[in-house]
Amino acid sequence: MKVTVMLFGPFRVFGDEQHFDLPEGAKVADLRRVFNEACHVGPLLNVSRFADENQVLSENAILQPRAKLAVIAPVSGG
Amino acid sequence: MANNAFVDVWDISVRPLDPGHARAFVSKPQNGAVVSFIGQVRAVDQGRSVEAITFDAFAPLCITIFRAICAEASERYGRDLSVYVVHATGRLEVGGNAVIIAVGAPHREEAFSACRYIIDEIKDRAPVWKLEHFTDGEMTWVAGKEVRTRCLPR
């Protein structure tokens, strides 16, 4: 199944989006692994989370087909 | 809370943040106090001279989190609060308004407390990132705070 990761803030160096093909039932932790393998993000990814439009997701959250998630680096708003 | 809260994320190249808009939203006959907080771009950060900051945000989640924070503030400080929260995205020069929070309440104590609560929670939870542009030409993403998993609701 196709999963899209939207990139913001310090992740913009990797583009606006990255696209991955993952097996049905894959979890956020699996997405983290393939994202790091593809982009070689390094330590920044260890302190970042994945989120949809409603919440920050746990590593065990199961990805939905055609999911569109954002990767959330440490935040600095305000 | 929904009818008493206005939350949004604005691209400042389209629409600058407007303190007058904030005040107008929270100024109501039943409110004896209006407290506002405006976060601005400052000229010096950790000894380095700053020219501007570019703000980036995941706007849909920002809005969801702003709504949750406003609801939490209402739960803590009074269901009769009026709350306005708008955060900017895009490039802001020194002195530019990055975030505006305004709270209207019957009395000052809950207005001050709610305003403080909202900006503190935004700084911890809202998916916003700052790219600092220094006067020497360098640019750096500000090292931020790691967000918690499932930060909604608190």
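Details of the structure are given in the entry above.
Residues numbered from 1 in each chain as written. Chains lettered and ligands numbered in written order. Predicted model: local features only at pLDDT ≥ 70, side-chain atom pairs only at ≥ 80, totals over all residues. Heavy atoms only, no water.

Enquirer: Can you help me understand helix α2 (residues 59-77) of chain B in this one?
Expert: Think of an α-helix as 3.6 residues a turn; residues three or four steps apart then line up on the same face. With 19 residues, α2 of chain B ought to run about 27 Å at 1.5 Å a step, and its terminal C-alpha atoms sit 26 Å apart, in line with that. Listing the buried residues of α2 of chain B in full gives Leu61, Cys62, Ile63, Thr64, Ile65, Phe66, Ala68, Ile69, Cys70, Glu72, Ala73 and Ser74 of chain B. (Helix = DSSP H or I, 4+ residues; strand = E, 2+ residues; numbered from the N terminus. Expected span 1.5 Å × (residues − 1). Buried < 20%, exposed > 50% of the residue type's maximum accessible area, 1.4 Å probe, protein only.)

Enquirer: Teacher, can you tell me more about the packing of aromatic side chains here?
Expert: Two aromatic rings are characterised by how far apart their centres lie and by the angle between their planes. Considering all chains together, one arrives at eleven aromatic pairs over all chains under this definition. Centroid distance Phe8 of chain A to Trp129 of chain B: 5.9 Å. Interplanar angle 10°. Geometry classified as stacked. Taken together, the residues span two chains, with Phe8 of chain A in the loop between β1 (2-6) and β2 (17-21) and Trp129 of chain B in strand β7 (residues 128-134). For Phe8 of chain A, a relative accessible area of 10% translates into the label buried. Trp129 of chain B sits in the buried class, given a relative accessible area of 1%. Ring centres of Phe25 of chain B and Tyr84 of chain B lie 6.3 Å apart, and the angle between their planes is 50°; this geometry places the pair in the tilted category. One end of the pair, Phe25 of chain B, is in helix α1 (residues 19-26); the other, Tyr84 of chain B, is in strand β5 (residues 82-93), with 59 residues separating them in the sequence. (Phe/Tyr/Trp six-rings, centres within 6.5 Å; stacked < 30°, edge-to-face > 60°.)

Enquirer: How should I be thinking about the sheet that holds β2 of chain A in this particular structure?
Expert: Residue and element names in this part refer to chain A. A sheet is described by the order of its strands in space; here four strands give the open sequence β2-β1-β4-β3, paired in mixed fashion. Edge positions in the sheet fall to β2 and β3 (49-51), since each of these pairs with one other strand and no more. Averaged over all neighbouring strand pairs, the angle between strand axes comes to 30°, with direction disregarded. Where β1 lies against β2, five bridges are found, and the strand directions are antiparallel. Paired with Lys2 across the bridge in β2 is Asp21. Together, β1, β2, β3 and β4 (68-72) form the strand contacts of helix α1 (residues 28-39), whose direction differs from that of β2 by roughly 115°. (Pairing = 2+ DSSP bridges. Axes fitted to C-alpha atoms, helices over the stretch in contact; angles between N-to-C directions. Contact = heavy atoms within 4.5 Å.)

Enquirer: Explain the nonpolar core to me, please; I cannot follow it from the model alone.
Expert: Most often, soluble globular proteins keep nonpolar side chains buried together rather than apart. With 79 residues, the main nonpolar core has Leu31 and Phe35 of chain A together with Ile118 of chain B as its most contacted residues. The element that contributes the greatest number of residues to this core is α2 of chain B, accounting for eight residues. Beyond its immediate sequence surroundings of up to four residues, Ile118 of chain B is in contact with Ile69, Ala73, Val83, Val85, Ile101 and Val103 of chain B. (Core = buried A, V, L, I, M, F, W, Y, C linked by side-chain atoms within 4.5 Å.)

Enquirer: Quick question: what am I supposed to make of the interface of chain B and chain A here?
Expert: Many structure descriptions define interface size as the accessible area lost when the parts assemble. Every contact between the two is made by 30 residues of chain B and, on the other side, 25 residues of chain A. Of the roughly 2400 Å² buried at the junction of chain B and chain A (both faces included), carbon and sulfur atoms supply 60%. Connecting chain B to chain A are two salt bridges. Ionic pairing is found between Arg49 of chain A and Glu146 of chain B, a salt bridge with its closest N-O pair at 2.5 Å. Along the contact surface separating chain B from chain A lie 13 residue pairs in polar contact (both at pLDDT 80 or more). (Buried area = accessible area lost by both parts, 1.4 Å probe. Salt bridge = Lys/Arg side-chain N within 4 Å of Asp/Glu carboxyl O. Polar contact = N/O pair within 3.5 Å; in protein donor to acceptor, adjacent residues only side chain to side chain.)

Enquirer: I tried to follow the side chain of Asp56 of chain B on my own but got confused; where do I start?
Expert: Secondary-structure assignment places Asp56 of chain B in strand β4 (residues 48-57). On the accessibility criterion, Asp56 of chain B (11% relative accessible area) is buried. A distance of 2.8 Å separates a polar atom in the side chain of Asp56 of chain B from a polar atom in the side chain of Arg12 of chain A. Setting aside chain neighbours within four positions, we find Asp56 of chain B in contact with Phe8, Gly9 and Arg12 of chain A together with Thr89, Pro127, Val128, Trp129 and Trp141 of chain B.

By themselves, these are just geometric observations and shouldn't be taken as functional.
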